[in-house]
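Next come the chains, spelled out residue by residue.
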Amino acid sequence: MKALRGLHLHFEPSSGIAGDMAVAALVDLGVPAAVVTSAVEAMGVRGLRVRFARRKRGAFVGKGFEVDWPGKRGHEHDHDHDHHHHDHEHDHAHEHEHHAHADDHDHHHEHRDYAEVKRLLKRARLDADARALAGDIFARIAEVEAKLHGTKVDRVAFHEVGAYDSIADVVGVAAAITHLAPASIGSLPPVIGTGHVHTAHGVMPVPAPATAELLAGVPVVFDGDGELTTPTGAAILAAAVDKFGAPPPLVLRAAGYGAGSKELADRPNVLRAIVGEPLGTAAPEASPEVLLLEANIDDMSGELVAPLCEALAEAGAVDVWSAPILMKKGRPAVQVSALAPPDVAAAVERAFFHNSTTLGLRRRRLERVVLARSFVKVKTQHGDVRVKLAALDGEVLGAHPEFEDCRRLAARARVPVRDVVAAASAAARAWLAAKRTRR
């Protein structure tokens, strides 16, 4: 387990995320189950018991996280499926898309308000970091519910089902993350589902109001049937994740699958979590959307195309190219194209007009998929060369020496540039091989 600590942790909520799935994924990944069970026991909630079970969802086998409490059968009623919200309460059984509950209708309820949950956390014998993370997650949920229902935060009440279940999930995931002590935490944009959910206040669109509030500013994917990301899952992501997007280049060390108790028709109902050793220094995140700016130019010297392209790149274009074309009446011309992120598009347009004879530009908005990238320095007999690593789902697919570094070293050593490129490529392969074999 020591080998998994201090690495990069990444969640992949392609089937959404719920609290129980997050706990189970981390334990399946390698966190000792005792870390979670001991933390839950430390809360001192009488009758609260948790356990892990093997579950298969679709083609994947993972772990399920199960919570028991006194009278559970009598309290697992239909509101767990239909998102009934009682005034001023957070009902953790928003997890209805991931749990299969009985349909008993015992309406005797016990409540715990947020103030009591805070007291439980304060006196529990928990690691300080685990207590802080659990407190942050609970605070986010309570603040959102207070805002939605117009009450004071400390008066937000957790229904008995929510109280037991939420305490187990939130404290369990906080203890598991703290045990891993990750250097960084990332997540793919969560799949939140589509359609509507039934609540005591009527039919509501997905995401439910609490989930929408908790994920404000977070990139999300609307896909799948019903509600796939729950308020508890949303709060975990909001509190724990440093950055949303693809995993950085990694040496993968472990993966875990947290399985929900419900089968989904269109995808395996599992949350995957991975840990790996980051490779190099992460490159700035690439914009997933760019503008294609183009012009056909037939009245400018070809000698001016190179400075035009340089000016476009300096203005912020992420790629620039030119191609010879024939225009009407057989006139030779050059087509100059540039890809510009939206925030620099205006500057790139100005560079086009200042450095060419064109009277107009074509604009087209494009989406793109870009591999996660990072940079490492490798040593060669000619000097240090930066190497760009490109990764898909954390797996390094390519290692490319920076050409300008190679050209500079080649000029200094008076050797062909290709010799420096070859040396840097060999050094990068050796560096990667050493990282992959280290445990």
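Here the structure is a predicted model, which means the values were calculated and not measured.

Chemist: Account for the sheet that holds strand S18 (residues 332-340), with residues named and values stated.
Modeler: Ordered by their spatial adjacency, 4 strands build an open sheet running S17-S18-S16-S19, and the pairing between neighbours is antiparallel. Sheet topology places strand S17 (319-326) and strand S19 (362-367) at the edges, where each strand pairs with a single neighbour. Strand-to-strand twist across the sheet, computed as the mean angle between neighbouring axes with direction ignored, equals 20°. As paired strands, S17 and S18 are joined by 8 bridges and run antiparallel to one another. Of the residues in S18, the one forming a bridge with Asp319 is Leu339.

Chemist: Requested: an account of the packing of helix H12 (residues 403-413) against helix H13 (residues 417-437), with residues and values cited.
Modeler: With their axes 8 Å apart at the nearest point, H12 and H13 run at an angle of 125° to one another. With respect to each other, H12 and H13 are oriented oblique. In this structure, H12 crosses over H13, and the sense of that crossing is right-handed. For the pair H12 and H13, contact is made by Phe403, Cys406, Arg407, Leu409 and Ala410 and by Val417, Val420 and Val421, respectively. Taken together, the residues of the contact of H12 with H13 sort by class into 7 nonpolar, no polar and 1 charged.

Chemist: Can you break down the nonpolar core residue by residue, with the values?
Modeler: Within the largest apolar cluster, 70 residues are counted, with the highest numbers of intra-cluster contacts made by Leu9, Phe11, Leu26, Met43, Phe65, Ile137 and Ile177. A per-element tally of this core places helix H7 (residues 160-180) first, with 11 residues. Not counting residues up to four positions away in its chain, the partners in contact with Phe11 are Leu26, Ile177, Ile185, Gly186, Ser187, Leu188, Leu237, Leu271, Arg272 and Ala273. By size, the runner-up hydrophobic cluster in this structure holds 18 residues, among which are Leu291, Ala340, Ala345 and Ala351.

Chemist: Describe the packing of helix H6 (residues 128-149) against helix H9 (residues 231-240), with residues and values.
Modeler: One way to put it is that H6 packs onto H9 with a least axis distance of 9 Å and a crossing angle of 125°. The orientation of H6 with respect to H9, classified from their angle, is oblique. The interaxial crossing formed by H6 with H9 has right-handed handedness. Taken together, the residues of H9 that come into contact with H6 (itself represented by Leu133, Asp136, Ile137, Arg140 and Ile141) are Thr232, Ala235, Ile236, Ala238 and Ala239. Looking at the contact of H6 with H9 residue by residue, the class counts come to 7 nonpolar, 1 polar and 2 charged.

Chemist: Any chance you could break down the sheet that holds strand S22 (residues 395-401) for me, citing the residues and the numbers?
Modeler: Taken together, 4 strands build an open sheet; the order of strands is S15-S20-S21-S22 and the sheet is antiparallel. Across the chains shown, the open sheet's two edge strands, defined by having one partner strand only, are strand S15 (281-282) and S22. Two elements, strand S21 (residues 383-392) and S22, share 6 bridges in a ladder whose sense is antiparallel. Across the sheet, Ala390 pairs through a bridge with Gly398, a residue of S22. The strands touched by H12 are S21 and S22; relative to S21, the strand with the most contacts, the crossing angle is about 160°. The strands touched by H13 are strand S20 (372-380), S21 and S22; relative to S20, the strand with the most contacts, the crossing angle is about 110°.

Procedures and definitions
Residues numbered from 1 in each chain as written. Predicted model: local features only at pLDDT ≥ 70, side-chain atom pairs only at ≥ 80, totals over all residues. Heavy atoms only, no water. Pairing = 2+ DSSP bridges. Helix = DSSP H or I, 4+ residues; strand = E, 2+ residues; numbered from the N terminus. Axes fitted to C-alpha atoms, helices over the stretch in contact; angles between N-to-C directions. Parallel < 35°, antiparallel > 145°, perpendicular 65-115°, else oblique. Left-handed = near helix turned anticlockwise from the far one by under 90°. Contact = heavy atoms within 4.5 Å. Nonpolar A, V, L, I, M, F, W, Y, C, P; charged D, E, K, R; others polar. Core = buried A, V, L, I, M, F, W, Y, C linked by side-chain atoms within 4.5 Å. Buried < 20%, exposed > 50% of the residue type's maximum accessible area, 1.4 Å probe, protein only.

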